[in-house]
Protein chains: 2
Amino acid sequence: MSQSKPLTEEDALQLDNQLCFKLYAASRAVIRGYKPMLDQLGLTYPQYLVMLVLWEWQLKPPELPTVKALGERLLLDSGTLTPLLKRLETQGLLRRRRAASDEREVHLALTESGWVMREQVPALKHALLCQHGVDLNELVALRKQIGGLLNQLTLPSH
Amino acid sequence: MSQSKPLTEEDALQLDNQLCFKLYAASRAVIRGYKPMLDQLGLTYPQYLVMLVLWEWQLKPPELPTVKALGERLLLDSGTLTPLLKRLETQGLLRRRRAASDEREVHLALTESGWVMREQVPALKHALLCQHGVDLNELVALRKQIGGLLNQLTLPSH
DNA sequence: CGCAATTAGATTGCAAACAATTTAATTGCT
DNA sequence: AGCAATTAAATTGTTTGCAATCTAATTGCG
């Protein structure tokens, strides 16, 4: 709402084009960067994000994660998650079971194998960050910037 | 390479997880934000990026853009671009033709219809930015941050 | 209670991404 | 010239994203 500078239409276009593209390209570049590590785990990037959420879930209230809750966390719907979760189940990393209390819900639970995988991650990730020589301070700043944008786009106005 | 602070493994993990996810989510959120505008143009987001590059190409040397050149610009390969370009051709926005000088190359040229579309964009985009109340200064800062990361991930070391 | 809305997942269909392979044209080297 | 290596696209197959639709369970309300 605070449009202080009188940028020309062309300037705004150019800036916006660049941001669009850079955000899109950077996201894919990060995914590509994770590929070697994820290959070792046998996961795709979205599958990895799902595993991260499930690993974190232990700190939550006693409720088991559902497909819906996972979707809210990752901003993904069942059209994406259902087949992805089936693949993770096939790999033996988790189990999916209809909730007894409400048969519409599907509870997700990591298997032993799913938990064990977690232990391999910190070392792999550390190696990854070092290898690319990424500046952690820069990452902190970037995370904040992106968080701001993400909030503007997901919470607000329209 | 300048790892000044002694973050714990857990801190680094957490930070990194958040960045991964936020970058991925922000990219998709932006694409979602463009949807209404792109629906009016009948384009998908990647198709739109391709059109942007082609619209910009006029400023380039006399060479016509090729699939390869487009791919270098957008960091995409022919496996993605070939079918996408075929769809744009079907829509009558561009023509694909084997180069006479080198039959391996495919030259891309916008049609009249492809050029006309360009004129609709500034107004649509302006409306979009206003609607979301995005702070332009923030966008400038974000673009720089992301540009830095993108360079680290695409140019360097490994 | 009974039935219309709502809700959670699943399904279907299309368009990316991307790895791996294939095809055809061009280069380069001897 | 002749042939191996390289190069540009195309093709194939798998996995996302996401809209739209469908199914089944649950809620809410008269």
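Residues numbered from 1 in each chain as written. Chains lettered and ligands numbered in written order. Predicted model: local features only at pLDDT ≥ 70, side-chain atom pairs only at ≥ 80, totals over all residues. Heavy atoms only, no water.

Got a minute to help me understand the interface of chain A and chain B in this structure?
Quite often, the size of an interface is put as the accessible area lost when its parts meet. Taken together, the contacts link 66 residues of chain A with 66 residues of chain B. A buried area of about 6700 Å², summed over both sides, lies between chain A and chain B, and 65% of it is on carbon and sulfur atoms. Run the count over chain A and chain B and you get zero salt bridges. Applying the counting criterion to the chain A and chain B interface returns six residue pairs in polar contact (both at pLDDT 80 or more). Looking at the side of chain A that touches chain B, the elements with two or more residues in it are helix H1 (9-41), helix H2 (45-56), helix H3 (67-74), helix H5 (112-132) and helix H6 (136-154) of chain A. If you tally residues by element for the side of chain A that touches chain B, the top one is H1 of chain A, at 22 residues. Counted by class, the side of chain A that touches chain B contains 36 nonpolar, 19 polar and eleven charged residues. (Contact = heavy atoms within 4.5 Å. Buried area = accessible area lost by both parts, 1.4 Å probe. Salt bridge = Lys/Arg side-chain N within 4 Å of Asp/Glu carboxyl O. Polar contact = N/O pair within 3.5 Å; in protein donor to acceptor, adjacent residues only side chain to side chain. Helix = DSSP H or I, 4+ residues; strand = E, 2+ residues; numbered from the N terminus. Nonpolar A, V, L, I, M, F, W, Y, C, P; charged D, E, K, R; others polar.)

What am I meant to see in the protein's contact with DNA strand D here?
Residues in close proximity to DNA strand D total 30 residues, the closest being Thr44 and Arg87 of chain A together with Tyr24, Thr82 and Lys86 of chain B. Near-protein atoms of DNA strand D (within 4 Å) split between backbone and bases, with sugar and phosphate holding 76%. One of the side-chain N or O atoms of Thr44 of chain A is found 2.7 Å from a phosphate oxygen in DNA strand D. Arg87 of chain A is positioned such that a nitrogen or oxygen atom in its side chain is 2.5 Å from a phosphate oxygen of DNA strand D. Its residues assigned to classes, the surface near DNA strand D comprises seven nonpolar, nine polar and 14 charged. (Near = heavy atom within 4 Å.)

What exactly am I supposed to notice about H2 of chain A here?
The periodicity of an α-helix, 3.6 residues per turn, causes residues three or four places apart in sequence to face the same way. Over its twelve residues, H2 of chain A extends 17 Å from the first C-alpha to the last, a length consistent with the 16 Å expected when each residue adds 1.5 Å. Residues Tyr45, Gln47, Tyr48, Leu49, Val50, Met51, Leu52, Val53, Leu54 and Trp55 of chain A constitute the buried set of H2 of chain A. (Expected span 1.5 Å × (residues − 1). Buried < 20%, exposed > 50% of the residue type's maximum accessible area, 1.4 Å probe, protein only.)

Mind showing me how you'd approach unusual backbone geometry here?
The phi angle of most residues is negative, glycine excepted, and most peptide bonds adopt the trans form. Residues and elements named next belong to chain A. Residues other than glycine seldom take positive phi values, yet Leu75 does so here, at roughly 60°. With respect to the helices, strands and loops of the structure, Leu75 is situated in the loop between H3 and helix H4 (78-90). Look at Leu75 and you get partly exposed, because its relative accessible area is 30%.

So what exactly am I meant to see when it comes to the packing of aromatic side chains here?
To describe a pair of aromatic rings, you give the distance between the ring centres and the angle between the ring planes. Counted by the stated rule, this structure contains six aromatic pairs over all chains. Both rings, one in Tyr34 of chain A and one in Tyr45 of chain A, keep their centres 5.8 Å apart while their planes meet at 70°; by these two values the pair is edge-to-face. Highlighted residues: Tyr34 of chain A in helix H1 and Tyr45 of chain A in helix H2, separated in sequence by eleven residues. In this structure Tyr34 of chain A comes out as buried when scored by relative accessible area, which is 4%. Judged by relative accessible area, which is 3%, Tyr45 of chain A ranks as buried. Both rings, one in Tyr34 of chain B and one in Tyr48 of chain B, keep their centres 5.9 Å apart while their planes meet at 40°; by these two values the pair is tilted. Remark: Tyr48 of chain B occurs in helix H2 (residues 45-56) and Tyr34 of chain B occurs in helix H1 (residues 9-41); sequence separation between them is 14 residues. For Tyr48 of chain B, a relative accessible area of 0% puts it in the buried group. Each member of the aromatic cluster is reached from another via a ring pair, and the members are Tyr24 of chain A together with Tyr34, Tyr45 and Tyr48 of chain B. (Phe/Tyr/Trp six-rings, centres within 6.5 Å; stacked < 30°, edge-to-face > 60°.)

Quick question: what am I supposed to make of the pairing of strand E2 (residues 106-110) of chain A here?
Working note: regular strand, side chains alternate between the two faces of the sheet. All names here are of chain A. The alternating pattern of E2 places Val106, Leu108 and Leu110 on a buried face, while none of His107 and Ala109, on the opposite face, is buried. By the bridge criterion, five bridges tie strand E1 (residues 94-98) to E2 in an arrangement that is antiparallel. Pairing of Leu94 across the sheet is with Leu110, part of E2. (Pairing = 2+ DSSP bridges.)

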